[in-house]
Amino acid sequence: MQLTVWTYEGPPHVGAIRIATAMKDVHYVLHAPQGDTYADLLFTMIERRDHRTPVTYTTFQARDLGGDTADIFQRACLDAHERFKPAAILVGASCTAELLQDNPAGLAAALNLPVPVVPLELPSYQKKENWGASETFYRLTRALLADRAQGFVRAERAPGSRPRCNLLGPTALGFRHRDDITEVSRLLAQLGVDVNVVAPFGASVADIARIPDADFNISLYPEIADVTARWLERTFRQPTIRTVPIGVGATTDFIHEVVKAAGLDPAVADTVIGSRLPWYSRSVDSTYLTGKRVFIFGDATHVIAAARIATEEMGFTVVGVGTYTREFAREVRALAEKLGVEALISEDYLEVEARISELQPELVLGTQMERHIAKRLRVACAVISAPVHVQDFPARYSPQMGFEGANVIFDSWIHPLMMGLEEHLIGMFRGDFEFSDGAAASHLGAGHGSHTAAADARHDAVPAPEPVMANAAISAIPPAATGASIIWATDAELELKKIPFFVRGKARRNTERFAIQQGVDLITVDTLYDAKAHFGR
């Protein structure tokens, strides 16, 4: 186990809470000490839910360890059933309570409650949040469908009736899951396909019981739905569509797969309205984006989708990909091999930061963690995957899937770079009387300096800047790689500012690296151009 400030995933019981919170009449009784109840904050503060999560914590304290903690758990189960009257109860232990070995499954079974009780064995020290959500969804679905699984025979669809499918995988605290459900449902309706059940998001115990009635399943988020979808394939002979419709190309492939699985006329696929992304990405306004270096990191589903969009639909150059989802490491490694880059499979955000700093991309597509990293390195960034912050649960309609999702993706990826173009113009005209060299970058906010008329008036009177310590000037260089004695001469600093902003950071880093290699303490204009010649070979 490694102690860290941030983490991409919580322990597996947080994944179980995501499933319980997503559903309507399921309650989770979690054997946990007082300090493990923090998970509620994820939903109330980040997702901005308007009611509490359906979880009862035993919240035993240190003084209870000398007594019967098993009795505390059983009383919590009885109280939860009496108070909330759920249609099904999940029971399990948090990472701390796991050490007590109180056996929540056996304790709950002994109570003989009149509703299904699903025990969860989630190894907190080997697995993490997404695995916990996947396992919980699988165990719950399997328990609730146990009766129907015995001798199930699929009834023939009535002539003239519309085909039906299930949407599997969306959960609470998922990245744009709410809007993805709406967009995919709309897309299916245009094709003439009805949605039978969406699960676990918004589903009830009765809805789970109706899953076998559909003609096929759609695995929207494989990290959550894949295990359950495979069990449904084996048990109820329901085929699964695994193409995730993120991006124009993937959405088009998804439509054709749905048409085939539903037994529809192939011509129906051509009736669906497309996206504006292909036109925008070919337009004059965005041709300068071609070849931009992009680094992608997040959960496997969104990383694989983003890499396809970046290379096939945006014209970017992907210089690195990675994921924290170790269960899908094979798929991401295969993607990296196809792109000719090295895959990063890691749960350590410091390792991710080091890779970004090494590759020096012009755009980072990642999680909330990569947003912070990119801000420190002064690199454009767009969030494409959980974990996310409150700002990634917008009030507006903002899907990632379908053709409208492709439009949203285009805007969210391109706008950081378009602001960069505006900043480049400011850099070109920085000597003009309307601009001040102290003006902040337009996307960094007031905390990085501000442009005022008074600053313009003082522009000519401002003395030349003092020599700047290199390791204080650019945070993208690891401290160990930066010579503490390196100083930039005033004329070299002024010459550096003539370089366009979007390559200025790289020029500074290369010059300082060259100076360290040459044993130079003072960087002059000659050093700057010597470094340019050296790295230009």
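Just above sits the structure.
Position labels on residues start from 1 in each chain and follow its written sequence. In keeping with the predicted nature of the model, local features appear solely for residues at pLDDT of at least 70, side-chain atom pairs appear and are counted solely at 80 or more, and the whole-chain, interface and lining totals rest on all residues. Hydrogens and water molecules were not included; the side-chain quantities draw on all heavy atoms of the structure.

Each neighbour pair has its own omega, and for A199 with P200 the value is 0 degrees, a cis peptide bond. Each neighbour pair has its own omega, and for A386 with P387 the value is 5 degrees, a cis peptide bond. One non-glycine residue, R237, adopts positive backbone phi at about 55 degrees. Its place among the elements puts R237 in the loop between α9 (222-236) and β8 (240-241). Even without being a glycine, R378 presents a positive backbone phi close to 60 degrees. For the purposes of this entry, the term helix denotes a DSSP run of H or I that reaches at least four residues, the term strand denotes a run of E that reaches at least two, and both are numbered from the N terminus. As for its position among the elements, R378 is in the loop between α15 (368-377) and β13 (380-383).

The term salt bridge refers to a pairing of a side-chain nitrogen on Lys or Arg with a carboxyl oxygen on Asp or Glu at a separation within 4 Å. Within the structure shown, the criterion is met by 24 salt bridges. A salt bridge links D226 to R242; its shortest N-O distance comes to 3.1 Å. One end of the pair, D226, is in helix α9; the other, R242, is in the loop between β8 and α10 (248-262), and 16 residues separate them in sequence. Categorising residues by exposure relies on relative accessible area from a 1.4 Å probe, with only protein chains included: less than 20% of the type maximum marks a residue as buried, more than 50% marks it as exposed, and the intermediate range marks it as partly exposed. A relative accessible area of 15% places D226 in the buried class. Via salt bridges that share partners, D226, R230, E233 and R242 belong to a single interconnected network.

This part takes up the sheet that holds strand β10 (residues 317-323). Note: strands within a sheet are paired through backbone hydrogen bonds, in either parallel or antiparallel orientation. If you walk across this open sheet you meet the 5 strands as β11-β10-β9-β12-β13, and the pairing is parallel. Sheet topology places β11 (343-345) and β13 at the edges, where each strand pairs with a single neighbour. Going across the sheet, the axis of each strand differs from the next one's by a mean of 15 degrees, ignoring polarity. At least two bridges found by DSSP between two strands is the condition for calling them paired. One ladder, built from 4 bridges, connects strand β12 (residues 363-366) with β13; its direction is parallel. Paired with L365 across the bridge in β13 is A382. Strands in contact with helix α13 (residues 329-339) are β10 and β11; relative to β10, the strand with the most contacts, it is inclined by about 165 degrees. Residues count as neighbours in contact if any of their non-hydrogen atoms are within 4.5 Å of one another. With axes taken as lines fitted to C-alpha atoms, and helix axes fitted only over the stretch in contact, angles between N-to-C directions fall between 0 and 180 degrees. Seen against the sheet, helix α14 (residues 349-359) touches β9 (293-298), β10, β11 and β12 and runs at an angle of roughly 170 degrees to β9.

Patches here: salt-bridge-free residues with over 30% relative accessible area, like charges joined within 9 Å, nonpolar side chains (Val, Leu, Ile, Met, Phe, Trp, Tyr) joined within 5 Å. Working definition of accessibility: Shrake-Rupley area with a 1.4 Å probe, residue cover restricted to the visible protein chains. On the surface, Y38, L41 and M45 cluster together into a nonpolar patch covering about 320 Å² of accessible area. Tracing the backbone through its elements, the reader meets L41 in helix α2 (residues 39-46). Owing to a relative accessible area of 47%, L41 belongs among the partly exposed residues under this scheme.

With that settled, the discussion passes to α13. Here α13 has its buried residues at A329, V332, L335 and A336. The buried residues of α13 occupy an angular sector of 125 degrees when projected down its axis, which confines them to one face. Away from the buried face of α13 by more than 90 degrees, exposed residues R330, E337 and K338 are located. Summarising the contacts, the buried residues of α13 are in contact with α12 (300-314), β10 and β11. One or two steps after α13, the chain reaches G340, where phi turns positive at roughly 75 degrees. Within this analysis, the arc is defined by the directions that extend from the helix axis to the C-beta atoms.

Our next topic: the pairing of β12. What you see with β12 is no split at all: L363 and L365 on one side and V364 and G366 on the other are buried throughout. Here β9 pairs with β12 via 3 bridges, running parallel. Following the sheet pairing, F295 is matched in β12 by V364. A crossover counts as right-handed when, viewed with the strands pointing away from the observer, the path leading from the first strand over the helix to the second turns clockwise. Taken together, β12, α15 and β13 form a β-α-β motif whose crossover is right-handed.

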